[in-house]
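Examining the three-dimensional arrangement
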Number of protein chains: 2
Amino acid sequence: MKELKQRSTCPVSTSLDVLGDKWTLLILRDMVFADKSTYGQFLQSAEKIATNVLVDRLAVLESHGILTKVVASDKKSKFTYSLTEKGIDTIPIIVELILWGTKHWPTVINPVLLKELQAEKDTAIQKYQRLARQKASV
Amino acid sequence: MKELKQRSTCPVSTSLDVLGDKWTLLILRDMVFADKSTYGQFLQSAEKIATNVLVDRLAVLESHGILTKVVASDKKSKFTYSLTEKGIDTIPIIVELILWGTKHWPTVINPVLLKELQAEKDTAIQKYQRLARQKASV
DNA sequence: TCTTTGTACTTGCAAATTGCAAGTAAATAT
DNA sequence: ATATTTACTTGCAATTTGCAAGTACAAAGA
């Protein structure tokens, strides 16, 4: 159980103490928008996270109650990671990163998703939060 | 002029290539919500950024067109950093970090600002973006 | 004019983190 | 019985960070 060392009491600073690196939010992105839930699936993403970094980030996220780790329903040798409500609440952050990235950098994204986020952001966020809750309750 | 190395074409990944560390968004937070605009002011923040890290992040942000650096109007030996539109567009990200932090961690924040963000998020974002534009145009 | 202060860095170095390659271990499939 | 899948662990080099100190130049004060 890793404890959080807050650099200050500022909420931005504290959020960055948890999420402020190049990998953590990519794991959450994969869970929300790519339906990934296992160690092996996270490893396969385009950004090629190193195995030790992935293990570390999953442990930190679990220790902070952002996701949970349970034995998979199909295999005993497999674990499934699910978002908690605290994790589901990061979806608005990820959405804003999507919108800023697509607006200001050369990126590639599912155009249906992009239009959904641009036209009805709050509705789309609620939809993906609902979907995440469904996945988590299986 | 530092070039951006994108780990992938995903907009989340690319946004994190730029903003994904513990310090960059704190500088932007200080510019938007604490009216800071000089090297010395950034150094004084509660999180105590190291001087070499601050210099590096300011240079990266400038090279990516997120902020501009100009000689201050009052002193020739002083520089003023201002947000560009690309920088102003990060305000929704910062706001979501504020909301996630205040909801899930022990933090301290101006209650007026928090209520403003919770009750009328979009309106408040527009307000702070407008204020940032005013500062930048002085 | 000389000194001090303010502002913005630069430098050196130890510590921590990351990235990469390889190896391990238990459960499952053949 | 053997091979494969899944989830790690380990070792090590390279990079990044954090800390302390020093530099450079403009402005203000004596």
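Residues numbered from 1 in each chain as written. Chains lettered and ligands numbered in written order. Predicted model: local features only at pLDDT ≥ 70, side-chain atom pairs only at ≥ 80, totals over all residues. Heavy atoms only, no water.

With that settled, the discussion passes to the nonpolar core. Judged by nonpolar contacts, the single largest core of 76 residues is most densely connected at Leu28 of chain A together with Leu28 of chain B. When residues no more than four places from it in sequence are discounted, the contact partners of leucine 28 of chain B are Leu19, Leu61, Ile66, Leu83, Thr90 and Ile94 of chain B. (Core = buried A, V, L, I, M, F, W, Y, C linked by side-chain atoms within 4.5 Å. Buried < 20%, exposed > 50% of the residue type's maximum accessible area, 1.4 Å probe, protein only. Contact = heavy atoms within 4.5 Å.)

Here we take up the packing of aromatic side chains. Under the defined criterion, the tally for this structure stands at 6 aromatic pairs over all chains. Centre to centre, the rings of phenylalanine 42 of chain A and tyrosine 81 of chain A are 6.2 Å apart; their planes meet at 50°, and the pair counts as tilted. A residue pair is termed long-range when its members are at least 10 positions apart, and phenylalanine 42 of chain A in helix H3 (residues 39-43) and tyrosine 81 of chain A in strand E2 (residues 79-83) qualify at 39 residues. Given a relative accessible area of 3%, phenylalanine 42 of chain A falls into the buried group. A residue is classified by how much of its surface remains accessible, and tyrosine 81 of chain A, at 7% relative accessible area, is buried. The ring of tryptophan 105 of chain B is capped by lysine 86 of chain A, whose NZ or CZ atom sits 4.0 Å from the centre of that ring. (Phe/Tyr/Trp six-rings, centres within 6.5 Å; stacked < 30°, edge-to-face > 60°. Helix = DSSP H or I, 4+ residues; strand = E, 2+ residues; numbered from the N terminus. Lys NZ or Arg CZ within 6 Å of the ring centre and 35° of its normal.)

The grouping of Glu120 and Asp122 of chain A together with Glu120 and Asp122 of chain B at the surface amounts to a negative patch. Its place among the elements puts glutamate 120 of chain B in the loop between helix H7 (111-119) and helix H8 (121-136). (Patch = residues over 30% accessible without salt bridge, like charges linked within 9 Å, V, L, I, M, F, W, Y side chains within 5 Å. Areas by Shrake-Rupley, 256 points an atom, 1.4 Å probe, with all protein chains shown as cover. Salt bridge = Lys/Arg side-chain N within 4 Å of Asp/Glu carboxyl O. Lys, Arg positive; Asp, Glu negative; His and termini not counted. Charge placed at Lys NZ, Arg CZ, Asp CG, Glu CD.)

Looking now at the protein's contact with DNA strand C. Taken together, 19 residues surround DNA strand C, and among them Lys76 of chain A together with Tyr39, Gly40, Thr51 and Tyr81 of chain B come closest. Here DNA strand C approaches the protein such that, of its atoms within 4 Å, sugar and phosphate make up 62%. A distance of 3.0 Å separates a base nitrogen of DNA strand C from a polar side-chain atom of asparagine 52 of chain A. Every element with two or more residues in the surface near DNA strand C is listed here: helix H4 (51-63) of chain A together with helix H3 (39-43), helix H4 (51-63) and strand E2 (79-83) of chain B. (Near = heavy atom within 4 Å. Polar contact = N/O pair within 3.5 Å; in protein donor to acceptor, adjacent residues only side chain to side chain.)

With that settled, consider the interface of chain A and chain B. Contact with chain A, which involves 47 residues of that partner, is made by 47 residues of chain B. Interface of chain A and chain B: buried area, both sides summed, is about 4,200 Å²; carbon and sulfur atoms make up 68% of it. If you look at where chain A meets chain B, you find 24 residue pairs in polar contact (both at pLDDT 80 or more). A total of 11 residues in the side of chain A that touches chain B trace back to one element, the largest contributor, which is helix H6 (residues 91-104) of chain A. (Buried area = accessible area lost by both parts, 1.4 Å probe.)

A separate point is the protein's contact with DNA strand D. Taken together, 19 residues surround DNA strand D, and among them Tyr39, Gly40, Thr51 and Tyr81 of chain A together with Trp23 of chain B come closest. A breakdown of the atoms of DNA strand D within 4 Å of the protein gives sugar and phosphate a share of 60%. Between phenylalanine 79 of chain A and DNA strand D, the recorded distance is 3.2 Å, taken from a backbone N or O atom to a phosphate oxygen. Within the residue set of the surface near DNA strand D, elements represented by two or more residues are H3, H4 and E2 of chain A together with H4 of chain B. In terms of residue class, the surface near DNA strand D is built from 6 nonpolar, 8 polar and 5 charged. (Nonpolar A, V, L, I, M, F, W, Y, C, P; charged D, E, K, R; others polar.)

It is worth stressing that arrangement in space is one thing and function is another; only the former is reported here.
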